[in-house]
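Structural overview
Single-letter residue listing:
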Amino acid sequence: MNASVEWLSAFVDSGLSPRELRDLITARAATVDAIEPVRADLAALVVGRVIEAARHPDSDHLWVTRVDAGGPEPLDVVCGAPNVTAGVLYPFAPAGTTMPNGITIERRKIRGQVSNGMLCSARELGLGEDHEGILALTTTAAPGTPLLEAVAIGDTRLVIDVLPNRPDLLSHQGVAREIAAATGKPLRVPVIPGGDPAPAMSAPPAPVRADRKGTTDGVRVTVDDSTDCPAYLGVVIRGLRVGASPPWLVSRLAAVGMRSISNVVDVTNYMLHGYGQPMHAFDLARLGPDAAIHVRRARPGERLTTLDGVERVLDASILVIADAEHAQGIAGVIGGQGSEVSAETTDIFLEIAAFDPRRVRTARRALGVSTDASFRFERLVPATSPAETCATVAGLMTAVAGGRVAAAPALVGPALRPPEQRVRLRPQRVARVLGVPVPPTECATLLASVGFEAAVRDGALDVASPPWRTDIAAEIDLVEEVARLRGYGSFPTELRPYRIGTVPDDPLVARTARLRELLVGMGFIEVRPMPFVSDPSPDGTSIRVTNPLAGNESYLRSDLLSSVARRAEFNLARMEGDLRLFEIGTVFRRQPDTPGRPAEEVRVGILCMGARRPPHFTDPSPPAWDEWDAKALGEVVARIAYPGASVVMEPGEVPRALWRVRADGADVGWVGVLALDAPPWASTAYGAEILMETTDVADVAPPGRHAPAIERDGPSRAPVPRYRRPPAFPAVRADVTLLVPETVSAGAVEAVLRGANEPMLERIDLLSQFYGDNVPERHRSLTWRLTFRHPERTLREKEVEARRDKLLRALETHLGVRQRTA
Amino acid sequence: MTESISSLTRFLDELSAIESQAVPEIGAARTADDLEALRVRYVGRKSGRLSALSGMVAGMSAADRPAAGQAFNGTHKRLQEQLAAAAARVLSTGAAATPAIDLTMPGRAVWRGARHPVTIVIDEIADIFREIGFTIALGPEAESEWYNFTALNFPPEHPALDMHDTLYLEGGGLLRTHTSPVQIRTLQRYTPPIRVLVPGNVYRRDVFDASHAPMFAQIEGLAVDEGVSFVDLKATLSHFARRFFGAATTRFRPSFFPFTEPSAEMDVECQICHGTGCATCKMLGWVEILGCGMVHPSVLESAGLDAERYTGWAFGMGPGRIAQQRYDIPLLRELYDGDVRVLGALGQ
Ligand SMILES: [Zn+2]
């Protein structure tokens, strides 16, 4: 909503500056986002002081002046005005300024003398017709001050962010109502400025109401459904002259950012912005010989060319204003070209109506056209508004465009009930919600200041809302009114005692925090990519977004690493090849048997490629990350994701998923090589993706129901490791080198060693793998270090040998693996 | 008596003789090997000259022993210091025999990781609210129309819905447009007192531009109990602002959210211009931080709670926007691109 400060002043003489108005409106009603000079075209001009003025050597009417425009050095400026005087301040346009007439001032030579700008006359600034000389300024502002700050020029526009609950603030009258309430100044009906003498505003006859069909000056008005259109008021004005608007009207509309079209259209726009009542003028002559207005639903396939020149195909969800046969406008949205007011128009049918917001919203969305009118109708124009604004617009229209209202206007719609529905406001409730008591009398005074009627009865208030406050339906709405009118700032900010909550931390929080700490500590950088992908996953479980704005956002991802991989490619394209990325995020999957919302999983994805360490002079090309790093990373991540679980890295489908990760037997992820769109210099990328938690997407309880926590929601503790006394006796190590056939895996060897019932065997570490000279075909040589320890004494050399030999025998028995000799 | 005195005197003489001989030798040492030899000769545990001398103490009278011990320890300590200083000198200047060690050369670095700036902001916010009794609740990102809108008092076919342009999912459901559905889930599952903080991703049907993204992070707070009021809301959120932004002045101005009433917007005095107006705050002197309000009675009723008995307040804010302001990131998109040159530097 754009509001003109001058226009607001016409409604209420607050005596406040634009900044004060901004602060007041923001604090009490709706936020003012900006204060803009309507004459923004003068923004580049500054105040300039003429230091000296001398005759131009080669001209008898030019002056060569030196101007202080706030810069470090005075500027040479050639000036042709007879009144230029040293010491006086003038509007100065520095070189580069574009003037209101569109001409850009340039630094140039005028008869051999350099001129760095222009001292301006009132006419050059669009401030009047005076071209006799430059405009001497009476200001105390320093040279260089922007002209608009130094001198009051033109109107000021307040850009107000009106939220959907306050449609009454979408007009100057509505905003002025709040200003009047806050300042205690009376709200006035604005007089038409600039009329000399003020044009007589003749009041038209009072409207005659009918339920469904009415007539005014020979025009039949029919409304099919009063739900779609609760009030339709028609006024016929004959004998007017369509032409230019008077300057005051042009500048009012310019102040809210609208261009003047014609006096008739401008008056309807003035009413919209002034009073919040959209109106539409039809050329009566073009409504057919047997002039009629029919408010009805469009016929399927009915066509209408709207004022913007677009032919639109309508359907029965759309409400139209039709003549006897054809649609002539979309109700509440936009008029039709066929009945548009033109220069030849002499008689108009003026529509002042209230429409069902849902109807207007449907049409606006279906046709994709939003107007100032539809914006207001969607937020609700009260059914009382047409009758209230009828006299004002009729007087204004005839004053501006001539003509007269010959017959009583027709008002079609059900009789409006007085606002008998009262809302009760209990002082205890006010105190409970706001935290401090507000006496009922104070509440009543505050509410009355903005048009509520409040009467104290049985210790509480009975409150009737004014018709424009369509947002007030319940007690809590009035509590907000009281808080707002009293001022949010008036409530204390003291921290009061509170009770500890009953909700335990979501168990995922601690695990993700630990994981982040670990990965960041290991040099990984967290990313938060968009979870969209352009193509569905091959397994057909992807979720499609039905209304994406971009093609690459058509599906929700069903895995994390593809998003992380795209981020790696982004970096590779910027020549960054040493990458360690991770994300903890959500993936989505269709549940095969369950319609409705997708299944969701929180997963962690990690990616590493490039050098394992930064280069150092002792190690100029550190080794790249490899699959063994990835395996250990995946394992350590899984142990944090599944505290206390047994994590197994199960060999997977080479070459991609090298390992499947199992936690307590369940498949929770994989580790492997990532296929990237990578430049040739990039090294292999490894990744791991591990499930952290399956999100509970089920409804907690049916709508309106409370399902208090049961036992499982109590705080759960991850299993903690048990203390073990550190060994008191030294360990003894024995290395064994085995000749292992290719059919036998290292894992199988270790399984036999562990399964050999050897209680003194404390650790098994694989030390080396060797193929070559002395190793037979289809075999490899593997060396393990076995660590033995006795809890109560030092093991003797012989004991260790005996135990090692026992293990070797077990290997030979189970796997046919022998020690490598020589 | 005489003998005892002479025994202590001899001991002390011997000590100072050793010291005056050792100090110049240590000072003249040029290599680590030289120093090691000197260390063994003078303070070596088995055959060092000081160790040899220490045997004398045992033969002294009880009265002399303390003085002897003190002198011995003093000398021992000084020689150790001389050796350590010489070792450092030999290392840094190098000696003729072994190659110099250039201590200006860099240490062997490790890669440094980084939390995402949005995570950093969320963590900081959570830390402040945890101190005042809040816990963390989470919920699904794909939601039903009821949890996302209806239960939160959004009227059907209302312009309030325009502020939440929604991405819908084939097969049913939508991508939550705010974290507020978790308010309903929490209120349904737990009985007040409730104090929870809800971080999470939310979605809007927006084009990626300087300040919009189709997905972004939000963090939401909810406090519901008997007797919770607008004063608590103002006090708690002002406390948060002071903790998070430093000594910041706050203001609350009217706003509108379907699920709160009274609704407010909290601004913090612009940290750049301190209220006088600048480009960062669009000349307003204030920077908008969060939306908040008293929980609307119909929200409590959606969760089956008695709205006469319980009251509450809620707030929501955008950690991404806060990160953008704090780190001076021109385009929101840069937070989500995953450029390691940007994220690596911000996450330190
Ligand atoms: Zn500022």
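Keep in mind that what you see is a predicted model, and the values were worked out from it rather than measured. (Residues numbered from 1 in each chain as written. Chains lettered and ligands numbered in written order. Predicted model: local features only at pLDDT ≥ 70, side-chain atom pairs only at ≥ 80, totals over all residues. Heavy atoms only, no water.)

Counting secondary structure elements, chain B contains 12 helices and 9 strands. In terms of overall size, chain B is more extended than a compact globule, its C-alpha atoms giving a radius of gyration of 36 Å where 348 residues would be expected to give roughly 20 Å. Viewed in the frame of its principal axes, chain B has a C-alpha envelope of about 110 × 50 × 50 Å. Contacts spanning at least 24 positions in sequence make up 67% of the contacts within chain B whose residues lie at least 6 apart. Carbon together with sulfur atoms contributes 55% to the accessible area of chain B, which is approximately 14,500 Å² in total. Chain B carries 32 positive and 40 negative side-chain charges, and their two centres are separated by 10 Å. (Helix = DSSP H or I, 4+ residues; strand = E, 2+ residues; numbered from the N terminus. Rg over C-alpha atoms; globule rule 2.2 N^0.38 Å. Contact = heavy atoms within 4.5 Å. Areas by Shrake-Rupley, 256 points an atom, 1.4 Å probe, with all protein chains shown as cover. Lys, Arg positive; Asp, Glu negative; His and termini not counted. Charge placed at Lys NZ, Arg CZ, Asp CG, Glu CD.)

The next thing to look at is the overall build of chain A. On a plain count of helices and strands, chain A comes out with 17 helices and 41 strands. For a compact globule of 822 residues, the expected C-alpha radius of gyration is about 28 Å, and chain A comes in at 41 Å, more than 25% above that figure. Its C-alpha atoms give chain A principal-axis dimensions of about 125 × 85 × 60 Å. Counting across all 822 residues of chain A, residues that qualify as buried make up 50%. Sequence separation of at least 24 residues holds for 67% of the intrachain contacts in chain A that already meet a minimum separation of 6. Working note: accessible area of chain A is about 38,500 Å², and carbon and sulfur atoms make up 52% of it. Across chain A, the mean location of the 94 positive side-chain charges is 5 Å away from that of the 102 negative side-chain charges. (Buried < 20%, exposed > 50% of the residue type's maximum accessible area, 1.4 Å probe, protein only.)

The next point concerns the environment of Ile348 of chain A. For Ile348 of chain A, the location among the structural elements is in strand β22 (residues 348-354). Beyond its immediate chain neighbours, meaning those up to four positions away, Ile348 of chain A contacts Val235, Val236, Ile237, Leu240, Val264, Ala281, Phe282, Leu284, Val341 and Met397 of chain A.

A word on the domain arrangement of chain A. The domain boundaries assigned to chain A delineate domain 1 (2-38 + 156-183), domain 2 (40-150), domain 3 (199-412), domain 4 (422-490), domain 5 (507-694) and domain 6 (732-819). For domain 1 of chain A versus domain 5 of chain A, the separation of C-alpha centres amounts to 53 Å. (Domains from an automatic or database assignment.)

Let us now look at empty space enclosed by the protein. Summary: where empty space remains is shown by rolling a probe the size of a single water molecule over the atoms. Residues and elements named next belong to chain A. Taken as a whole and assessed by the stated rule, the structure comprises 5 cavities of 30 Å³ or more. Put simply, the largest cavity is a space of about 100 Å³. Per-element tally for the lining of the largest cavity: the top contributor is helix α12 (residues 475-486), with 3 residues. Its residues placed into classes, the lining of the largest cavity shows 6 nonpolar, 3 polar and 6 charged. (1 Å grid on protein atoms, 1.4 Å probe; cavity = no way out; pocket = protein on both sides within 12 Å on 5 of 7 lines; lining within 4 Å. Points joined across faces, edges and corners; volume = space filled by probe spheres on them. Nonpolar A, V, L, I, M, F, W, Y, C, P; charged D, E, K, R; others polar.)

This paragraph deals with the state of the cysteines. On inspection of all chains with the given rule, the structure shows 0 disulfides over all chains. You can see Cys120 of chain A has no disulfide; the closest cysteine sulfur is in Cys79 of chain A, sitting 9.4 Å from it. (Disulfide = S-S within 2.5 Å.)

It is worth spelling out the coordination of the zinc ion at this point. In this structure, Cys270 of chain B (SG), Cys273 of chain B (SG), Cys278 of chain B (SG) and Cys281 of chain B (SG) serve as the protein donors to the zinc ion, at separations of 2.2 to 2.3 Å. Bound by 4 donor atoms, the zinc ion shows angles of 104 to 115 degrees at the metal and therefore tetrahedral coordination geometry. (Donors = N, O, S within 2.8 Å, 3.2 Å for Na, K, Ca; no water. Tetrahedral: all angles 85-135°; square planar, octahedral: opposite > 155°, others 65-115°.)

Our next topic: the nonpolar core. If you look at the biggest cluster of nonpolar residues, it comprises 88 residues, and the most contacted ones within it are Leu425 of chain A together with Leu237 of chain B. Ignoring sequence-local partners within four residues, the contact set of Leu237 of chain B consists of Phe129, Phe252, Met266, Leu290, Cys292, Trp313 and Phe315 of chain B. Grouped together as the second largest cluster of nonpolar side chains are 55 residues, Leu158, Ala281, Val400 and Val405 of chain A included. (Core = buried A, V, L, I, M, F, W, Y, C linked by side-chain atoms within 4.5 Å.)

Turning to the interface of chain A and chain B, a few remarks are in order. Counting residues at the interface gives 111 residues for chain A and 112 residues for chain B. Taken together, the two surfaces of chain A and chain B that pack against each other cover about 9,500 Å², and 57% of this comes from carbon and sulfur. The three residues of chain A that bury the most area against chain B are Tyr488, Val503 and Arg528 of chain A, which together make up 8% of that side's buried surface. Here Asp505 of chain A ties to Arg130 of chain B by a salt bridge, and the two come within 2.9 Å at their closest N and O atoms. Ranked by the residues each element gives to the side of chain A that touches chain B, the list is headed by strand β32 (residues 579-589) of chain A, at 6 residues. Of the residues assigned to the side of chain A that touches chain B, the class counts are 51 nonpolar, 20 polar and 40 charged. (Buried area = accessible area lost by both parts, 1.4 Å probe. Salt bridge = Lys/Arg side-chain N within 4 Å of Asp/Glu carboxyl O.)

Residue and element names in this part refer to chain A. One open sheet holds the 7 strands; their spatial order is β28-β32-β33-β37-β36-β35-β34, and the pairing between them is mixed. The two strands at the open ends of the sheet, each matched to only one other strand, are β28 (525-526) and β34 (647-651). Bridging between strand β36 (residues 666-674) and strand β37 (residues 685-694) involves 6 bridges; their strand directions are antiparallel. Bridging from a neighbouring strand, Val673 pairs with Tyr686 of β37. (Pairing = 2+ DSSP bridges.)

Turning to helix α5 (residues 117-131) of chain B, a few remarks are in order. Residues and elements named next belong to chain B. Compared with an ideal rise of 1.5 Å per residue, which puts 15 residues at 21 Å, α5 spans 22 Å between its outermost C-alpha atoms and is within 8% of the ideal. Considered for burial, the residues of α5 that qualify are Pro117, Val118, Thr119, Ile120, Val121, Ile122, Ile125, Ala126, Ile128 and Phe129. Where α5 ends, the next residue or the one after it, Gly133, has phi of about 85 degrees, a positive value. (Expected span 1.5 Å × (residues − 1).)

All right, on to the sheet that holds strand β21 (residues 334-335) of chain A then. All names here are of chain A. Sheet architecture is open: 6 strands sit in the order β12-β13-β16-β19-β20-β21, paired in mixed fashion. The open sheet has two edge strands with one neighbour each: β12 (213-216) and β21. Bridge count between strand β16 (residues 292-297) and strand β19 (residues 319-322): 4 bridges; the pairing is antiparallel. The partner of Arg296 across the bridge, within β19, is Val320.

Before going further, it helps to examine the packing of aromatic side chains. When we look at a pair of aromatic rings, we describe it by the centre distance and by the angle of the planes. For the structure on display, the rule yields 23 aromatic pairs over all chains. Three or more aromatic residues link up through ring pairs in this structure, and these residues are Phe129, Phe134, Phe240, Phe244, Phe245, Trp313 and Phe315 of chain B. If you follow Arg185 of chain B out to its NZ or CZ, it ends over the ring of Tyr147 of chain B, 4.3 Å from the centre. It is Arg195 of chain B that lies over the ring of Tyr498 of chain A; its NZ or CZ is 3.7 Å from the centre. (Phe/Tyr/Trp six-rings, centres within 6.5 Å; stacked < 30°, edge-to-face > 60°. Lys NZ or Arg CZ within 6 Å of the ring centre and 35° of its normal.)

Residue and element names in this part refer to chain B. Residue Pro192 is joined to Pro193 through a cis peptide bond whose omega torsion reads 5 degrees. Relative to the helices and strands, Pro193 resides in the loop between α7 (181-189) and β4 (194-203). That bond from Glu261 to Pro262 is cis: its omega, -5 degrees, falls within 30 degrees of zero.

Residues and elements named next belong to chain A. With 10 of its 11 residues buried, β32 lies for the most part within the structure. Relative to β32, β28 is paired through 2 bridges, and the arrangement is parallel. Note on β32: the bridge partner recorded for Ile525 is Leu581. Across 11 bridges, β32 lies against strand β33 (residues 599-609) in antiparallel orientation. Its bridge partner being in β33, Ile584 is matched across the sheet by Val604.

Before going further, it helps to spend a moment on the pattern of salt bridges. One side chain can pair with another of opposite charge once the charged atoms of both are near each other. Evaluation of the coordinates by the stated rule reveals 76 salt bridges over all chains. The salt bridge involving Asp735 of chain A is made with Arg785 of chain A; its shortest N-O contact spans 2.9 Å. Pair noted here: Asp735 of chain A is in strand β38 (residues 732-741) and Arg785 of chain A is in strand β40 (residues 779-788), with a separation of 50 residues, a long-range link. Take Arg785 of chain A: its relative accessible area is 29%, and that puts it in the partly exposed class. In this structure, the salt-bridge partner of Arg251 of chain B is Asp267 of chain B, at a minimum N-O distance of 2.7 Å. With a gap of 16 residues between them, Arg251 of chain B in strand β6 (residues 250-254) and Asp267 of chain B in strand β7 (residues 260-269) connect regions that are remote in the sequence. Taking the relative accessible area as the measure of exposure, Asp267 of chain B reaches 1% and is therefore buried. Salt bridges here are not isolated pairs; linked through shared partners, they connect Arg28, Arg166, Asp168, Glu178, Arg469, Asp471, Glu481 and Arg484 of chain A.

Per the domain assignment, the segments of chain B are domain 1 (2-93) and domain 2 (117-346). Look at where the C-alpha atoms of domain 1 of chain B and domain 2 of chain B centre, and you get two points 72 Å apart.

This part covers the confidence of the model for chain B. Detailed reading of predicted coordinates is not advised where the pLDDT is low. Averaged over all residues, the pLDDT of chain B equals 88, while 96% of them reach at least 70. This prediction of the complex comes with two scores: 0.83 for pTM and 0.85 for ipTM. (pLDDT = per-residue confidence, 0-100.)

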